[in-house]
Amino acid sequence: MQERRLTLPFDEETARSLRVGQPALLTGIIYTARDAAHKRLIELVDAGEPLPIDLRNQTLYYVGPAPASPGHAVGSAGPTTSYRMDPYTPKLLALGLRGMIGKGLRSQPVIDAMKQYGAVYFGAVGGAAALIARSIESSRVIAYPDLGAEAIHEFVVRDFPVTVIIDTLGQNLYELGPKTYKRERT
Amino acid sequence: MREISTASITQTVREMFLELSYVGTRDLMAALHDAKHREESPLGQLVLDQLLTNYEIAATERVAICQDTGMSVVFAQIGQDVHMVGGDFEESIQQGVREAYTEGYLRKSIVRDPIFERVNTGDNTPCVIHTRIVPGTQITLTALAKGFGSENMSALKMLVPADGIEGVKRFVLDTVEAAGPNPCPPIIVGIGIGGSFEQSAVLAKECTALPLDQKNPDERYAALEDELLERINALGIGPSGTGGTMTALKVHIRQAATHIAGLPVAVNICCHAARHATRTI
Ligand code: SF4
């Protein structure tokens, strides 16, 4: 399968052109956020206050990297399980969040919001954390430094390997893929 | 009687966590290579390729295999004729964990309290410690780093005797199917059957640190391991959960005597990054 090269940030039209199952290499800027950072972002949204980053057309990566050892921009940095972010995600999609990178299932409200606003859910390979770290060229904390590994980081990435798991039509590789290979009756 | 210094326990624990966080065990590497040859999905093969490259990078650059360097668990078998000198036994293990995670650039993932004070302890302690006293003059330590992507997909159920072997199979398959892509397949499935509520869970955890080429010594349970492995792989979840024929690398079962009224079953799911080491002092 040929990988599609994608430059970040990306717009709604590009998002709507991506299809489920498509491997892609991402180059540009991504922001990290996991449970604690999401909680803070949503508190700001609910209070009607501005966020520390403008999420329009941006991509969030659900990750809490390992500390960087000397000579490395980041430590190992694979995806964390995405469902824990589901309660917060529709509100961020409404603000223009365009892409999400994680691993694992998403809730129906998230998928519905992705269809409505034109956003894509990419999967990175869970546990391929040292490999993924190689595609991260630089990292800096841009919000919530007190959260440590959970702070919001800006990563500059080159050829970051992902696959389109859920596209803007709501087609889901976690349903379609296993259906093709399923032999067990349950 | 033999004297063992608690400093040597700290040293051993420290070395084990540093090694297991960077280097996949040989049986795991063999199982992943084998899975790559047997996987039918092209995307699944791509995922297994990425994983194999990942293990190579981690071992050669000595960086963490996965950013979730886990909750630390130590099983200690202490010979009853050992006399420990130099300090507190449990604290010597905590100190080993503390040193490994701090010096080794491993992520600290432990919070002090589960509900009221989710504040990071800063050094990945406390480590979970299970101790057994056995005959002899040695201490055998097994260290595990357990990622929570897969830990969160684990489950325990108190079946009743009438549920029997079919009930056990159904519970295991339902648990794995519901987990889907979340625990980073290909997974290793540890199953504890029998005992009491907590014993079944401990047995399941022990299973996740067994060699992948080892079978249950009881033929009937070995056959159940094989059948469950085949049926899990027939679920079609595949590497990374994007569809395929290699969902699990191994099913391990440990069984124990249980109550006339009970049939506890614990399923501890472990991701492919099954990080463990065993050493004897
Ligand atoms: S489940 Fe395992 S491989 Fe996946 S992110 Fe957690 S520790 Fe890493």
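Residues numbered from 1 in each chain as written. Chains lettered and ligands numbered in written order. Predicted model: local features only at pLDDT ≥ 70, side-chain atom pairs only at ≥ 80, totals over all residues. Heavy atoms only, no water.

Enquirer: What exactly am I supposed to notice about the overall build of chain B here?
Expert: Scanning chain B from terminus to terminus reveals 8 helices and 10 strands. Against the 2.2 N^0.38 benchmark of 19 Å for 281 residues, chain B shows a C-alpha radius of gyration of 19 Å, consistent with a compact globule. Each principal axis of the C-alpha atoms in chain B carries an extent, and together these give about 55 × 50 × 40 Å. Buried positions account for 57% of the 281 residues belonging to chain B. Sequence separation of at least 24 residues holds for 82% of the intrachain contacts in chain B that already meet a minimum separation of 6. Total accessible area computed for chain B in this model is approximately 11600 Å², and 54% of it derives from carbon and sulfur atoms. Computed over 24 positive and 34 negative side-chain charges, the inter-centroid distance for chain B is 1 Å. (Helix = DSSP H or I, 4+ residues; strand = E, 2+ residues; numbered from the N terminus. Rg over C-alpha atoms; globule rule 2.2 N^0.38 Å. Buried < 20%, exposed > 50% of the residue type's maximum accessible area, 1.4 Å probe, protein only. Contact = heavy atoms within 4.5 Å. Areas by Shrake-Rupley, 256 points an atom, 1.4 Å probe, with all protein chains shown as cover. Lys, Arg positive; Asp, Glu negative; His and termini not counted. Charge placed at Lys NZ, Arg CZ, Asp CG, Glu CD.)

Enquirer: Got a minute to help me understand the interface of chain B and chain A in this structure?
Expert: Accessible area lost during the coming together of the parts is what is often quoted as the interface size. Across the contact, 44 residues belong to chain B and 40 residues belong to chain A. When residues of chain B are sorted by the area they lose upon contact with chain A, Q50, Q67 and Y105 of chain B head the list and together hold 18% of the total. The tally of links from chain B across to chain A stands at 2 salt bridges. A salt bridge links R134 of chain A to E61 of chain B; the nearest nitrogen and oxygen atoms lie 2.7 Å apart. Put simply, chain B and chain A have 14 residue pairs in polar contact (both at pLDDT 80 or more) between them. A breakdown of the residues in the side of chain B that touches chain A according to their chemical character gives 20 nonpolar, 17 polar and 7 charged. (Buried area = accessible area lost by both parts, 1.4 Å probe. Salt bridge = Lys/Arg side-chain N within 4 Å of Asp/Glu carboxyl O. Polar contact = N/O pair within 3.5 Å; in protein donor to acceptor, adjacent residues only side chain to side chain. Nonpolar A, V, L, I, M, F, W, Y, C, P; charged D, E, K, R; others polar.)

Enquirer: It is not clear to me how the nonpolar core should be interpreted in this structure. Could you clarify?
Expert: Ranked by size, the top nonpolar core spans 51 residues in total, and within it L26, I101, F122 and F160 of chain A carry the most contacts. Within the residue set of this core, elements represented by two or more residues are β1 (4-8), β2 (23-32), β5 (120-123), α5 (129-133) and β7 (152-166) of chain A together with α2 (26-38) and α3 (42-61) of chain B. Sort the elements by how many residues they give to this core and α3 of chain B lands first, with 7 residues. If we ignore the near neighbours within four places in the chain, the residues touching L26 of chain A are L6, L8, I101, F122, V157, R158, D159, F160 and V162 of chain A. Grouped together as the second largest cluster of nonpolar side chains are 32 residues, V110, A119, A151 and I166 of chain A included. (Core = buried A, V, L, I, M, F, W, Y, C linked by side-chain atoms within 4.5 Å.)

Enquirer: In this structure, what is going on with the pairing of β1 of chain A? I would like to understand it.
Expert: For a regular strand, side chains alternate in direction, first toward one face of the sheet and then toward the other. Residues and elements named next belong to chain A. As paired strands, β1 and β2 are joined by 5 bridges and run parallel to one another. Note on β2: the bridge partner recorded for T7 is T27. Handedness of the crossover joining β1 and β2 through helix α1 (residues 12-17): right-handed. (Pairing = 2+ DSSP bridges. Right-handed = clockwise from strand over helix to strand, strands pointing away.)

Enquirer: I tried to follow the environment of E151 of chain B on my own but got confused; where do I start?
Expert: Residue and element names in this part refer to chain B. Note that E151 resides in helix α5 (residues 148-151). By relative accessible area, which is 21% here, E151 ends up partly exposed. In this structure, the C-alpha to C-alpha distance between E151 and A178, residues 27 residues apart in sequence, is 13 Å. Sequence-distant contacts of E151, that is, excluding residues within four places in its chain, are made with K146, K205, N268 and I269. Within the structure, E151 has its side chain in polar contact with the side chain of K205 (distance 2.8 Å).

Enquirer: Help me understand the site of the ligand, please; the structure alone is not making it clear to me.
Expert: The local shell around the ligand holds 14 residues, among which C66, S150, C184, C271 and R275 of chain B are the closest. Residues lining the shell around the ligand come from more than one domain, with at least three contributed by each of domain 1 (2-20 + 65-146) and domain 2 (149-274) of chain B. (Near = heavy atom within 4 Å. Domains from an automatic or database assignment.)

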